[in-house]
Amino acid sequence: MDTRPVLFLDVDGPLNPFAAGPEQDLSGYGSHRMEPPSWTARHPGRSLLVRLNPAHGAELLRLAGTYELVWGTTWQDEANSFIGTVLGLPPLPHVHFGPVPFLAAPRAAPLHWKTRTLLAYAGRRPFAWVDDEPTDADTVFVRERHPAPALLHGVDPARGLGGADFTALAEWAAALP
Ligand SMILES: [Mg+2]
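Model, not experiment: these values are computed from the prediction. (Residues numbered from 1 in each chain as written. Predicted model: local features only at pLDDT ≥ 70, side-chain atom pairs only at ≥ 80, totals over all residues. Heavy atoms only, no water.)

## Observations concerning helix α4 (residues 115-122)
Reasoning step 1: Those residues of α4 lying buried are Thr115, Leu118, Leu119 and Ala122. Within α4, the buried residues cover an arc of 100° as seen down the axis, which keeps them to one side. Exposed residues on α4 whose side chains face more than 90 degrees from its buried face are Arg116 and Ala120.
Reasoning step 2: The inward-facing, buried residues of α4 abut β1 (6-9), β5 (127-131) and α5 (136-145).
Reasoning step 3: A positive backbone phi angle near 60° is found at Gly123, which sits one or two residues after α4. (Buried < 20%, exposed > 50% of the residue type's maximum accessible area, 1.4 Å probe, protein only. Helix = DSSP H or I, 4+ residues; strand = E, 2+ residues; numbered from the N terminus. Arc of directions from axis to C-beta. Contact = heavy atoms within 4.5 Å.)

Structure representation (structure tokens):
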């Protein structure tokens, strides 16, 4: 059985700083127009602007020595071909969330729509969850329900992942019992 901690990776927010304003320093990022099939099926003729920093790929590969990297994103299986290839990542497993009704209906429940599914995927393994959306309600829910250590690591979608985030993730895993 794999006992490594899982690193659940969100795309929009941590890797793609979609909320960055013109004042934000995005050196290192490349801009990409993408048309993932799951998106164009709902928005014919429209593409997505995705900004990605290949340095994040190198940082994630370093963390892969400790964690199992797993996509935890609305991109689901499309994260490998559209995001991972740009970042220089090998194909990674992804969490299957099913259809994406949350795009049509705004969040009503205090609990994030990913939380229960991520807990089920993690089973009894420790995990870190890198995302821009979870709230204190998710932290409390995970603390009460998950039988192993868990880190909900929030990232500002205006800034994306930075050096301090990767350091925090490495240190958290190193401190696991
Ligand atoms: Mg996000």
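## Considerations on the layout of surface pockets
Reasoning step 1: Taken as a whole, the second largest pocket encloses approximately 200 Å³ of empty space.
Reasoning step 2: Taken together, 14 residues make up the lining of the second largest pocket; nearest its centre are Tyr29, Arg159, Gly160, Leu161 and Gly162. (1 Å grid on protein atoms, 1.4 Å probe; cavity = no way out; pocket = protein on both sides within 12 Å on 5 of 7 lines; lining within 4 Å. Points joined across faces, edges and corners; volume = space filled by probe spheres on them.)

## Looking at the packing of α4 against α5
Reasoning step 1: Where α4 contacts α5, the two axes come as close as 11 Å, and the packing angle between them is 30°. Taken together, the axes of α4 and α5 are roughly parallel relative to one another. Remark: the crossing between α4 and α5 carries right-handed chirality. When α4 is examined against α5, the residues Thr115, Arg116 and Leu119 are found in contact with a partner set consisting of Asp138, Phe141, Val142 and Arg145.
Reasoning step 2: Considering only residue class, the contact of α4 with α5 consists of three nonpolar, one polar and three charged. (Axes fitted to C-alpha atoms, helices over the stretch in contact; angles between N-to-C directions. Parallel < 35°, antiparallel > 145°, perpendicular 65-115°, else oblique. Left-handed = near helix turned anticlockwise from the far one by under 90°. Nonpolar A, V, L, I, M, F, W, Y, C, P; charged D, E, K, R; others polar.)

## Looking at the sheet that holds β1
Reasoning step 1: The four strands are arranged β4-β1-β5-β6 in an open sheet whose pairing can be described as parallel. Of all the strands in the sheet, just β4 (68-71) and β6 (150-154) have a single pairing partner and so form its edges. Neighbour-to-neighbour, the strand axes of this sheet turn through a mean angle of 20°, independent of strand direction.
Reasoning step 2: Pairing analysis gives five bridges linking β5 to β6, with the strands arranged parallel. Residue pairing for β6: Trp129 is matched across the bridge by Leu152. (Pairing = 2+ DSSP bridges.)

## Some details on the coordination of the magnesium ion
Reasoning step 1: Note on the magnesium ion: its protein donors are Asp10 (OD), Asp12 (O) and Asp132 (OD). The metal-donor distances range over 2.1 Å.
Reasoning step 2: Along the chain, the residues that donate to the magnesium ion are spaced as D-x1-D-x119-D. Residue Asp10 is found in the loop between β1 and β2 (30-34), and its partner Asp132 is found in the loop between β5 and α5; the two are separated by 122 residues along the sequence.
Reasoning step 3: Owing to a relative accessible area of 5%, Asp10 belongs among the buried residues under this scheme.
Reasoning step 4: You can call Asp132 buried: its relative accessible area is 19%. (Donors = N, O, S within 2.8 Å, 3.2 Å for Na, K, Ca; no water.)

## Section: the packing of aromatic side chains
Reasoning step 1: A full pass over the atoms with the stated rule returns four aromatic pairs.
Reasoning step 2: Between Trp75 and Phe82, the aromatic rings sit 6.1 Å apart at their centres with planes inclined by 50°, giving tilted as the arrangement.
Reasoning step 3: Taking relative accessible area as the criterion, Trp75 reaches 5% and is therefore assigned buried.
Reasoning step 4: On the basis of relative accessibility, which here comes to 22%, the residue Phe82 falls in the partly exposed class.
Reasoning step 5: An aromatic cluster is built from Phe8, Tyr121 and Phe127, whose rings are joined through pairwise contacts. (Phe/Tyr/Trp six-rings, centres within 6.5 Å; stacked < 30°, edge-to-face > 60°.)

Treat this as a map of the structure, not an account of what it does.
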